[in-house]
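# Structural overview for review
In case you want the letters, here they are:
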Amino acid sequence: MAPYNISEWQALMRSAQAGDAAAYRSLLEALRPWLVAYFRRRLMGSDGEDLVQMTLLSLHEKRNTYDSGSPFLPWIAAVARHKLIDFVRKSGRHIHVELNEELGLEDGMQPDLAARDVAVLLAQLPKDQARIIKLHKLDGLSVEEVAGQTGKSASAVKVTVHRGLKKLQSLVGIKGGVNE
Amino acid sequence: MSDIIDSLTDGLKPVKPLRSWPLWLGALAGLIVAVLYIWFFYGPRPELTALMGGEWPRSHMPVVKPLMFLALGISALLGASGLVRPEGRPKLRYLMPVLIIGAIVFGALLVEFQHDGWAGTMVNLSDGVLICYMTILCGGMAGLIVLWRLWLRRSATSHPLSLGALSGLATASLMAATYALHCQGDAPVYLLLVYGMAVAILTGIAALLGGKLLRW
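Per chain, residues are indexed from 1 in the order of the written sequence. Each chain takes a letter, starting from A, and each ligand takes a number, starting from 1, following the order in which they are written. In keeping with the model being predicted, local features are shown solely for residues with a pLDDT of at least 70 and side-chain atom pairs are shown and tallied solely at 80 or more, while totals for entire chains, interfaces and linings include all residues.

Per an unreviewed UniProt entry, chain B is named DUF1109 domain-containing protein, and its organism is Asticcacaulis taihuensis.

Definition in use: UniProt positions are given in the numbering used here, feature names are shortened, and annotations may be inferred rather than shown by experiment.
As recorded by an unreviewed UniProt entry, chain A carries the name RNA polymerase sigma-70 factor, ECF subfamily and is attributed to Asticcacaulis taihuensis. Looking at chain A in UniProt, the text filed under Sequence similarities (unreviewed entry) is "Belongs to the sigma-70 factor family. ECF subfamily."

This is the structure:
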């Protein structure tokens, strides 16, 4: 688990919404390394400094949309994800999206939130295809084991996984080949 | 980086958190205005006047039709309120009322078509088509503009097209519900091709507008 004091962020954001500049400064300063790490993991090691600034600006402009009764992390994660997708679509950059729930966990997200990111992506695919990708990529089954479970041939499983990952990449605006 | 943090924290002002109740209050106020407009400028259909005198209509449609569109409007507003924050996600249940009501009306249309044939079915489209279209489109668009001014422009959705579409569906459906207090066109073909098409057109326009205006 990353060394972020996430439990504090919700209270800081609430105070910031009420106009407490000191709390707001603490929040932004605490968020900055989290955002740097968030984007670095997804931008093939690039520090994404522009994206961090854009996200902080969006946080500021849209801070009224944070519901003070809800956890803060899903809100800021959604803002960061939105900015990332927007950035990738506009710049046509190659980003690295791992189909791996650990990715979100390293950002300090709860397992259910990290899994939700993956579930959101998989929900865009036909059920059979999503199931095969889940078995192979998330549950760690070999191609042969997946073939055994689903009644398909090993080559059909490989093709399904390849096409599914390609579709997932296009859904998040990534151009280029599939990294399996 | 500290420059941006300095500039964001300097002169920080409190913000009004986005709440759902202004949406519902605004929708209720808009609905009341629309009902008054239809009631006094167009006039209620005779079955509703009789109903106010205690006489239940022979067909349920004078009551069911407004309630059907009211249900569509409310479910679309619920969907819109679930999408205004960045973490909101589209859910199939927001579309279930549209799918269910659409399937029922389409089924009724097929039965009518089998029973009356093409000519017998289409004769139901003769009255009031233009005024129905214009009322739903203009009234719904007016509602959409008010919704934008009061609520949508403060949103931060990750799904601008869906939020736009649900907003258009909501205002068009609520306008259709109020126009149904006047309109006597109850045939399935009328509901599908006149009401349904008008609501669909505004939903499409709102989706396109949402795609442009709700980006952030």
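### A short note on the overall build of chain A
The line we're drawing: Per the convention used, a helix needs a DSSP run of H or I reaching at least four residues, while a strand needs a run of E reaching at least two, with both numbered from the N terminus. Burial is judged by counting other C-beta atoms within 10 Å of a residue's own C-beta: 20 or more means buried, 12 or fewer means exposed, and anything between counts as partly exposed, with every C-beta placed from the backbone. Throughout, a pair of residues is in contact if the C-beta atoms placed from their backbones lie within 7 Å.
Across its full length, chain A carries 9 helices and 0 strands. Across the 180 residues of chain A, 32% fall into the buried class. Sequence separation of at least 24 residues holds for 55% of the intrachain contacts in chain A that already meet a minimum separation of 6.

### Notes on the interface of chain B and chain A
To be explicit about the condition: All amino acids are sorted into three groups, where Ala, Val, Leu, Ile, Met, Phe, Trp, Tyr, Cys and Pro are nonpolar, Asp, Glu, Lys and Arg are charged, and the leftover types, Gly among them, are polar.
Contact residues are listed per partner, giving 22 residues for chain B and 25 residues for chain A. By residue class, the composition of the side of chain B that touches chain A is 13 nonpolar, 3 polar and 6 charged.

### Overview of the confidence of the model for chain B
Residue and element names in this part refer to chain B. Rules: The score called pLDDT rates the predictor's confidence residue by residue, from a low of 0 to a high of 100.
Residues at a pLDDT of 70 or more form 99% of chain B, whose mean pLDDT is 92. Of all the helices and strands in chain B, helix 1 (residues 2-9) carries the lowest mean pLDDT, 86, while helix 7 (residues 160-179) carries the highest, 96. Model confidence for the complex: the whole-complex pTM is 0.77, and ipTM, which rates the interface, is 0.81.

### Re helix 6 (residues 129-150) of chain B
All names here are of chain B. Here is the rule we go by: One less than the number of residues in a helix, times 1.5 Å, gives the span that helix is expected to have.
The end-to-end C-alpha distance of helix 6, which contains 22 residues, comes to 31 Å, matching closely the 32 Å that a straight helix rising 1.5 Å per residue would cover. For helix 6, the complete set of buried residues consists of Cys-132, Thr-135, Ile-136, Gly-139, Gly-140, Gly-143, Leu-144, Leu-147 and Trp-148. Taken together, the buried residues of helix 6 touch helix 2 (21-42), helix 7 and helix 8 (188-213).

### Comments concerning the packing of helix 2 (residues 21-42) of chain A against helix 3 (residues 49-61) of chain A
All names here are of chain A. Put simply, the test is: Note on geometry: axes are C-alpha line fits, over the in-contact stretch for helices, and angles between N-to-C directions span 0 to 180 degrees. When describing relative orientation, an angle under 35 degrees is termed roughly parallel and one over 145 degrees roughly antiparallel, while 65 to 115 degrees is termed roughly perpendicular and anything else oblique. Handedness of a helix crossing follows the sense of rotation of the near helix relative to the far helix, less than a right angle counterclockwise being left-handed and clockwise being right-handed.
It is the contact of helix 2 with helix 3, at a shortest axis distance of 9 Å, that shows an interaxial angle of 135°. The angle between helix 2 and helix 3 places the two elements in the oblique class. Crossing of helix 2 against helix 3: the hand is right-handed. Contact residues: Leu-28, Arg-32, Leu-35, Val-36 and Phe-39 in helix 2; Leu-51, Val-52, Thr-55 and Leu-56 in helix 3. Each residue belonging to the contact of helix 2 with helix 3 can be placed in one class, and the counts come to 7 nonpolar, 1 polar and 1 charged.

### Brief notes about the confidence of the model for chain A
Atomic detail in the predicted coordinates should be set aside for any region of low pLDDT. For chain A, the average pLDDT comes to 79, and 73% of its residues sit at 70 or higher. Mean pLDDT values for the elements of chain A range from 55 in helix 5 (residues 102-106) of chain A up to 92 in helix 3 of chain A.

### Focus: the UniProt feature "transmembrane region" (unreviewed entry) in chain B
All names here are of chain B. The sites that UniProt annotates as "transmembrane region" (unreviewed entry) are residues 21-42, 62-80, 92-111, 131-151, 163-181 and 187-210. Taken end to end, residues 21-42 is 100% helix and 0% strand, and its two terminal C-alpha atoms sit 31 Å from one another. What you have in residues 62-80 is 100% helix and 0% strand, and the ends, taken at the C-alpha atoms, are 28 Å apart.

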